[in-house]
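Residue strings, one per chain:
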Amino acid sequence: MADHWTSDTPPIHLVHHEIVSVTSAMRKNSRWAQATYQPGLYAAVAPSAALASSMGLRDGGAANGGSGVKGKRGQRRPAGLMAGFVALRVQLNEVDDVFVLDALTLLSPFLQVIRSGDATGPITLAALSAVERFLQAGLIHPGSPGLAPALAALSSAATHCKFEASDGASDEAVLLRILGVIERLLCSEVGEACTDEAVCEMMETGLSMCCQMRLSEMLRRSAEHTMQAMVRRVFERLKTLSPPSLSAVPSLPADEDPSSSDDGGPAALRVAAPDPRSRGVPAARTAPAQAPEDVAEDGEPTLVPYGLPSVTELLRVLISLLDPHNAKHTDTMRLAALGILDVALTTGGRSIVDWEELRKMLCDGGCKFLFQLARSESPTILTLTLRVINALFDTLRAHLKLQQELFLSFLIDRVTPASTASLRSHNPSAGAVLTPTRPGTPADAASGLSQETESDPLLAWSASLDGSATPPLPPARAAQPAHGETRELMLESLGYLARRSGFMPDLWVNYDSDLDCEDLFEKMIWFLSRGVFPSGNVPGNLQENAQVLCLDAVLAFVSHMSSRLETEGVGAWPSNNPSPEHLQQIKTRKRILLDGAARFNTKPKLGLAYLEEHGIIEAGKPRTLAAFLKSCPRLDKRLLGDYISRPDNVEVLNAFLATFDFKGKTIAEGMREVLETFRLPGEAQQIARITETFAERYFASEPPEIKSQDAAYVLAYSVIMLNTDLHNPQNRARRMAVDDYKRNLRGVNDGSDFPPEYLSAIYNSIRKREIVMPEEHHGQLGFEYAWKEMLRRSVKAGSLIACDTPIFDRQMFELAWKPVISALSYAFTTFQDEYLLQRAIAGFRQCATLAKQFSLPEVFDFIVMSLSRATGLLVDDTSATDACANPIVEVEGQSLRVSSLSVNFGTNLRGQLAAVVLFNIANGNGNAIRSGWTQIFEMLQTLFINSLLPQPLLQMEDFLGGATLIPLSGSPLEVQEEERRRPSETGLLSTLSSYLLSPYSSSAEAVVPEATEDDVESTLCTVDCITSCKIEELYSQITSLEGDAFIAAVQALRALADRRTVDRLAARQKPPSSPYGNGEAPNSSRRNPPLPYDRAALFLLETMVSVVSRSPEHIVENWPIVFDHLSALLSSAQDYSILLIERAVVGLLRLTQVIADKPELRDQVYVSIDILRTLSPPVLNAVAEQLIAGVVKLIEQHAATIQSSTEWGLLLSLFSATTRHPEAAGASFNVLVRVATNQLGNGITPDNFSAIISTLNDFASAAGSSASSRQQRQRRGSSKTPVDVASEPTVERGLKAVELLYELRTAVPPLIEQSTSDKDQAWKSFWLPPLCALAGQCVNRSREVRQLALGHLQKELLSPEISAGGADIKLLIVFDKILFPMLVELLKPEVFQRDPVGMRETRLRASALLCRILLNYLAKLAEDQVLLLNLWLKVLDFLDRFMNSGQRDQLYEAIPESLKNVVLVMNASDYLLPPSHPDRDAAAVELWDRTADRVGQFLPGFLEELFPAPPEPPVESGTTDAAKPPATESA
């Protein structure tokens, strides 16, 4: 036994010391002042009869009155208390080991002192201290003999301690020592041997000290501490007990409220509630317990150690103390009970769940009283109450499903500010139809609670439970929102619950996915998110604390969801739970029911039609409608009663009442069951209709006491009237007695009376329990009714399903992401605490992770939008102020442009954090972004305007110089544009000149302010932030985006670009109203100047074209987007800056190279070319170089795919339009040469032949313009230095074009063979165009080109391919389409004046060519005399005109010679025969006559000179006149 000894003092010495301490204290009292340890004193110890007999003595000590120890009424004299210690000394002297003594023997003298009412406070204190030291030192240990009775006696003595009161301090010292003794007793190892009765007595004593207000604060606090320690020990023991022992434990009835009375519970085990007004010494019993000496000495009594009964009784008392309606219980008592109950719950933990008795008390009375106390305005009570409630949920959450629903709704409604819209109308997942509200709110049920409002203690049922199936509570004033510290405490409690990992999934599964419960998850998320925002009626410091608490809960929700996704296999869904699919179906059906109920409460017909549409009820089947009306708790019970009692709804009423089973129930029970489902209407007819139908249904159940249906009707009506009479508060003076009730019903039971006992039972049922109709609940009665209904419904609801699983995270996140991100955004932009900022940033990232996991692009868009607003980079600056006005500084070899934005952003740490977070989220998640690209590109646009983007994003690609920087200043271009519009304008400068200027300078540069050191430092911070954003990395990822994301990015770019170009132009074209309606006077031809150069518009354009051209796999979807923007720019090219239009042209051509590889978009290539072709000449000339470079590249890469003549015509028409451009013409001509010489693509084809001829002709014509300019310079100048004309690029190209026109003769025969047309048509198609082109160049301004063209034309016309044709139509074409038009042009004076010297020679050669061609085709022409005659006359006409063109020059002399040759040849060929020719026919005569007539007009005598008349033969004599030729022939 020495193992239990904890002191260094020998045990026997300790006992002697304590005896001395107590007896010394006793001797200080006058009663024991004369008592000494003399031999006579030992006589007080009565010797046993055996000892007296052995010594030969007679046992007469008991009759000795001189030294007896008993006085009156059996009380021990003072000397008797001292005798006990003497006897203990004797026994100690007889043993060597004090541990062999019986524990009761050792403690008995001290216990006698403690129980004695004669002892003073110091004596009792000494005795108590001695006992406490014995326990502390281990003198009393689990192995002590007689431990159980000793402990029983000790607990009885301590809890029934009596002493003479003296001063308050001394008395409280005794009480304090009592607390120490009972705490030491119960909490030590020997405490496990205490009985249930002993434990209850000690608990009762401790509670009494906690609650007696006459005691000092220190003592009461000590008592609370002792109680908590003992309760902790008791509930720790609960963990060691086995639940099956519960069957032997008496329990309260299931429906009994433990707080209703003080005599419930086990009859032999009772803890009395403390009386705070008592002035006596706290004791567990008023009657004395059994004295130690009455314990049998022949053996230890069998005592059962304490267990469940004491725990049950303790819990009962604690719960009863919480009753806010018991006026005997003060707030101090409640505070003590709350503190003790908190210890019990935190210690007992989940072991309490195993005991049905304990669980039922906590789920019923415990929750009810705690929830009512949660309405207290006392911060102390509220703090402890909320703490206990949280501990209760932690312990019994699985069994508190509906209680938790009630409490959470109550909390949310209380902490919601009055200015906030009611949560009851909030339904984030619904459309226009809101969740129906409860028809009523709870009435006052806490009128006895101090400092509380008159509204219902739970605020709960209707005001907050949108979807709760709990019967609606009676109407009353809604509880006022909590304020100040009360609100903060409630928020703390709500946050504590919400921060649990599985809390939100629990709400989703157990409430939102339950038809009979409220959408608590939706309500909680909405409230927490809304709570992050400020409320106008909350003080500043409390406002901030509330916002932080709500934010913490929101972040916990997001963090837990993110953690669940990262942890594999967490929260597997048990197979015995409803499947997730089934829960989702319930959720969907619940939403329909909510909407249908809301419509029904607005207008029943609309609600029923909606429910029929969604299959909830079936049209024409009253049974399905009745089942819905009975089972749906969200219906307005007033409207329900009115609806079913209408005359046209009799079938529905019958079906509704048919859903009740009245078998074996009294009519009062039946009426109660019916009337609790709806509210009776106000009209008597409707009430009668309901009562009559009820009587019919009830009588059908065959009640033996009722003889007819009419009797059932009268009796049912009487029940309604009786309920009103007995419980109407306005009828307190005269209430109906049972005899009155019986008297009123005489003879109505089919002529006889109802059985008296039957009517008495009805009367007593109504008297004891009012029939509480919906929406008429009020006061405590209504609350008690609603609470019992909730307990009844909890049986059906079952246990709460714990589901810390990611299975439902997607559905929850889809519903919660918008308010959550809104809250995070507000917190990020307004909160100042760095830790909160970090957590908000983490929340954004976690939301992005969840959105990516759940494939919710709208979440990314919302995150981007929220963060972009916080950056400060969404600057609405469509004016794009000149960036060159900002200073440039050199810092560590780096050029920085310091702008107001760079300075402001560099000092905005929050904006920098937002930017870094935004771009970090966007990086790698581009495929999840849709509309958010608008904000991203808008920020990039702002950074570009302020020269803050990385250099790779500032470049633009073209076809000439590769990548160049986007110009920041548009001043040079604007000057050019103004010059172009002046009347004295001679032409546009090449756009290339703008590139030669520095893109970051201006011709009219303004004074640039100097940057301060602070500005430079801020700009450096901005640059560092942008570097951290990794914008370049994000930009590079755009081209690899998937379809929808890429389309969204391009659409965002297009929208921003339109905003700065198309929209601005449209706004300018709609000027303010004027007297003329359009802002301008009639006949006003003044044109608005072009929009100024906008570098941001150019940046957006370049970015859009770049990303699309680098993603050919998405070109089909994105081409219409980009093309619309480009075509809008090009269609109004004159209204924009030249550089923007040039870049639009480049972008369009870059894209055409991509779409050319897509068969479905090939036609769009030529649509684009056609748009370019329609550009105005000034614009076309300005962008010619880039345009042609792009077209050339297109042809080079896709020449083989250019098929139709239309396609070639469109492409080469651009070449023709730029033939006079000094740079563009060279590139285009080179490609043309390659095509014409079969070096590119398929070479010459029937499709491109005509277009090539036309383009070559245009290039040749362009040489004439160059020659004209040269000739003008020569005429104005005095230099005689010869010029190498052929070396000029334009003339060189013209000569080359003529050469190519001539060389194309080799390609014509194969083309004719390939043609499907007839030969004549093919000849016209392939021979005529080059011949006409050559003929047209014979009048070119350039002498060299004319000469070459004339020579090649002659060769061509004299070639065998032409001359060997043989068809007359070809001959006509040669003359009518080729030679004659050329001669007409040469005869024009203005043509002659182009080159007077050279034109003489050209005319000469042309006339010679005409004669030569005529002679070459003479034989063929002669085959048709009419054709020959007509052509010959036309030739003579041209020769006449050439000869008489006004110049007496060489041509005047050459024409007759050429004509002479022709005439001679024709004569030699027998075509033109003079009159003297003997073989002339009529045709020859006509040809000669017409020739002679025409020639004679400009060369009189010409023919006579060539063909002189033969000499007349001599006239012979005898010749008659008849022999002479006719006169006409001689003529």
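As the structure is a computational prediction, the values presented were derived from the model and not from experiment. (Residues numbered from 1 in each chain as written. Predicted model: local features only at pLDDT ≥ 70, side-chain atom pairs only at ≥ 80, totals over all residues. Heavy atoms only, no water.)

1. A short note on the overall build of the protein chain
Inference 1: The helix and strand inventory of the protein chain stands at 66 helices and four strands.
Inference 2: Buried residues in the protein chain amount to 54% of all 1531 residues.
Inference 3: A sequence separation of at least 24 residues applies to 77% of the contacts in the protein chain between residues at least 6 apart.
Inference 4: Accessible surface computed for the protein chain: about 65,500 Å², of which carbon and sulfur atoms make up 50%. (Helix = DSSP H or I, 4+ residues; strand = E, 2+ residues; numbered from the N terminus. Buried < 20%, exposed > 50% of the residue type's maximum accessible area, 1.4 Å probe, protein only. Contact = heavy atoms within 4.5 Å. Areas by Shrake-Rupley, 256 points an atom, 1.4 Å probe, with all protein chains shown as cover.)

2. Brief notes about helix H18 (residues 520–531)
Inference 1: Here H18 spans 16 Å end to end across twelve residues, near enough to the 16 Å set by a 1.5 Å rise per residue.
Inference 2: Where burial is concerned, most of H18 is hidden: eleven out of the twelve residues are buried.
Inference 3: Buried within H18 we find Leu520, Phe521, Glu522, Lys523, Met524, Ile525, Trp526, Phe527, Leu528, Ser529 and Gly531. (Expected span 1.5 Å × (residues − 1).)

3. Points about the pattern of salt bridges
Inference 1: By the definition in use, this model includes 53 salt bridges.
Inference 2: Arginine 564 is paired through a salt bridge with aspartate 804; the nearest N and O atoms lie 3.3 Å apart. Of the two residues, arginine 564 sits in helix H19 (residues 540–566) while aspartate 804 sits in the loop between helix H30 (779–797) and helix H31 (809–830), which places them 240 residues apart along the sequence.
Inference 3: In this structure, lysine 1434 and aspartate 1376 form a salt bridge, with 3.6 Å as the shortest nitrogen-oxygen distance. Of this pair, lysine 1434 sits in helix H62 (residues 1425–1443) while aspartate 1376 sits in helix H58 (residues 1368–1387); the two residues are 58 residues apart in sequence, bridging distant segments of the chain.
Inference 4: According to the relative accessible area criterion, lysine 1434 is partly exposed, its value standing at 35%.
Inference 5: Assessed through its relative accessible area of 31%, aspartate 1376 is described here as partly exposed.
Inference 6: Each of the salt bridges in this network shares a partner with another, and the network as a whole consists of Asp512, Asp519, Glu522, Lys587, Lys590 and Arg591. (Salt bridge = Lys/Arg side-chain N within 4 Å of Asp/Glu carboxyl O.)

4. Thoughts on unusual backbone geometry
For residues that are not glycine, phi is negative in most cases, and the peptide bond is trans in most cases.
Inference 1: Of note, the phi angle at aspartate 750 is positive, near 60°, even though the residue is not glycine.
Inference 2: Its location among the elements puts aspartate 750 in the loop between helix H28 (738–744) and helix H29 (756–768).

5. Comments concerning the confidence of the model for the protein chain
Inference 1: When the pLDDT values of the protein chain are averaged, the result is 79; 79% of them are 70 or greater.
Inference 2: For the stretch residues 245–268, pLDDT sits under 50, and the model shows 37 contacts to residues farther than four places along the chain or on other chains.
Inference 3: Low confidence marks residues 1518–1531, where pLDDT is under 50. Its contacts with residues over four positions away, or in another chain, come to one contact. (pLDDT = per-residue confidence, 0-100.)

6. Let's talk about the environment of leucine 1172
Inference 1: On the secondary structure map, leucine 1172 appears in helix H46 (residues 1162–1173).
Inference 2: Taking relative accessible area as the criterion, leucine 1172 reaches 0% and is therefore assigned buried.
Inference 3: Sequence-wise, leucine 1172 and valine 1145 are 27 residues apart; in three dimensions their C-alpha atoms are separated by 7.4 Å.
Inference 4: Beyond its immediate stretch of four places on either side in the chain, leucine 1172 contacts Leu1130, Val1145, Leu1148, Leu1149, Leu1180, Leu1187 and Leu1214.

7. Thoughts on helix H21 (residues 604–613)
Helical geometry note: an α-helix holds 3.6 residues per turn, so side chains three or four residues apart project in the same direction.
Inference 1: Listed in full, the buried residues belonging to H21 are Pro604, Gly607, Leu608, Tyr610 and Leu611. For H21, the arc enclosing every buried residue in end-on projection is 160°, short of the 170-degree limit, so these residues lie on one face. Pointing more than 90 degrees away from the buried face of H21 are the exposed residues Lys605 and Glu613.
Inference 2: Looking at the packing, one finds that the buried side of H21 touches helix H20 (580–602), helix H22 (622–631) and helix H23 (637–644).
Inference 3: Residue glycine 615 follows H21 closely and has a positive phi angle near 75°. (Arc of directions from axis to C-beta.)

8. Remarks on the nonpolar core
Inference 1: Grouped together as the largest cluster of nonpolar side chains are 400 residues, with contacts concentrated most on Met504, Trp933, Leu1187, Phe1375 and Met1382.
Inference 2: Considering each element in turn, this core owes the most residues, twelve residues, to H62.
Inference 3: Not counting chain neighbours up to four residues away, the residues in contact with methionine 504 comprise Ala498, Phe521, Met524, Ile525, Leu528, Phe557 and Met812.
Inference 4: If you look at the next biggest cluster of nonpolar residues, it comprises 57 residues, including Leu593, Leu653, Ile690 and Ala716. (Core = buried A, V, L, I, M, F, W, Y, C linked by side-chain atoms within 4.5 Å.)

9. Side note on the pairing of strand E1 (residues 888–891)
Inference 1: In E1, alternate side chains face the same way, and those of Val889 and Val891 are buried while those of Ile888 and Glu890 on the opposite face are not.
Inference 2: Counting the residues in the hairpin turn of E1 and strand E2 (residues 894–897) gives two residues, including glutamate 892, whose phi is positive at 55°. (Pairing = 2+ DSSP bridges.)

10. A few points about the packing of helix H43 (residues 1095–1109) against helix H45 (residues 1138–1155)
Inference 1: Orientation of H43 relative to H45, taken along the N-to-C sense of each, is 5°, at an axis distance of 10 Å. It follows from the interaxial angle that H43 and H45 lie roughly parallel. Together, Ala1097, Leu1098, Leu1101, Glu1102, Val1105, Ser1106, Val1108 and Ser1109 of H43 and Leu1139, Leu1140, Arg1143, Ala1144, Gly1147, Arg1150, Leu1151 and Val1154 of H45 make up the contact between the two elements.
Inference 2: Tallied by class, the residues present in the contact of H43 with H45 amount to ten nonpolar, three polar and three charged. (Axes fitted to C-alpha atoms, helices over the stretch in contact; angles between N-to-C directions. Parallel < 35°, antiparallel > 145°, perpendicular 65-115°, else oblique. Nonpolar A, V, L, I, M, F, W, Y, C, P; charged D, E, K, R; others polar.)

11. Re the side chain of serine 409
Inference 1: For serine 409, the position within the fold is in helix H14 (residues 401–415).
Inference 2: A polar contact of 2.9 Å, which involves the side chain of serine 409, links it to the backbone oxygen of glutamate 405. (Polar contact = N/O pair within 3.5 Å; in protein donor to acceptor, adjacent residues only side chain to side chain.)

12. Here's the deal with empty space enclosed by the protein
Inference 1: Following the criterion strictly, the structure yields ten cavities of 30 Å³ or more and no others.
Inference 2: Here the largest cavity defines a volume of roughly 100 Å³.
Inference 3: Forming the boundary of the largest cavity are 15 residues, of which Pro417, Arg487, Arg530, Gly531 and Phe533 lie nearest the centre.
Inference 4: Counting only elements with at least two residues in the lining of the largest cavity, the list comes to H18 and H19.
Inference 5: Classifying every residue of the lining of the largest cavity by side-chain character gives seven nonpolar, six polar and two charged. (1 Å grid on protein atoms, 1.4 Å probe; cavity = no way out; pocket = protein on both sides within 12 Å on 5 of 7 lines; lining within 4 Å. Points joined across faces, edges and corners; volume = space filled by probe spheres on them.)

13. What to know about the packing of aromatic side chains
Inference 1: Under the definition given, this model contains 30 aromatic pairs.
Inference 2: Aromatic side chains phenylalanine 660 and phenylalanine 662 sit 6.0 Å apart centroid to centroid with 10° between the ring planes, which places their arrangement in the stacked category.
Inference 3: Taking relative accessible area as the criterion, phenylalanine 660 reaches 8% and is therefore assigned buried.
Inference 4: Look at phenylalanine 662 and you get buried, because its relative accessible area is 3%.
Inference 5: Following the ring pairs from residue to residue traces out a cluster consisting of Phe656, Phe660, Phe662, Phe678, Phe694 and Tyr698.
Inference 6: The ring centre of tyrosine 1302 lies 5.8 Å from the NZ or CZ of lysine 1355, which sits over that ring. (Phe/Tyr/Trp six-rings, centres within 6.5 Å; stacked < 30°, edge-to-face > 60°. Lys NZ or Arg CZ within 6 Å of the ring centre and 35° of its normal.)

14. Things to note about the packing of helix H17 (residues 503–512) against H18
Inference 1: Relative orientation of the contacting elements H17 and H18 amounts to 135°, with a least axis distance of 7 Å. For the element pair H17 / H18, the angle class is oblique. Between H17 and H18, the contacting residues are Phe503, Met504, Leu507, Trp508, Tyr511 and Asp512 on the first element and Leu520, Phe521, Glu522, Met524, Ile525 and Leu528 on the second.
Inference 2: The residue makeup of the contact of H17 with H18, split by class, is ten nonpolar, no polar and two charged.

15. So, the pairing of E2
Inference 1: As paired strands, E1 and E2 are joined by four bridges and run antiparallel to one another. Within E2, the position partnered with valine 889 by the bridge is leucine 896.

16. Here's the deal with a negative patch on the surface
Inference 1: Judged by side-chain charge, Glu692, Glu696, Asp710 and Asp750 come together as a negatively charged surface patch.
Inference 2: Within the secondary structure, aspartate 710 is located in helix H27 (residues 709–727).
Inference 3: With relative accessibility at 61%, the residue aspartate 710 sits in the exposed group. (Patch = residues over 30% accessible without salt bridge, like charges linked within 9 Å, V, L, I, M, F, W, Y side chains within 5 Å. Lys, Arg positive; Asp, Glu negative; His and termini not counted. Charge placed at Lys NZ, Arg CZ, Asp CG, Glu CD.)

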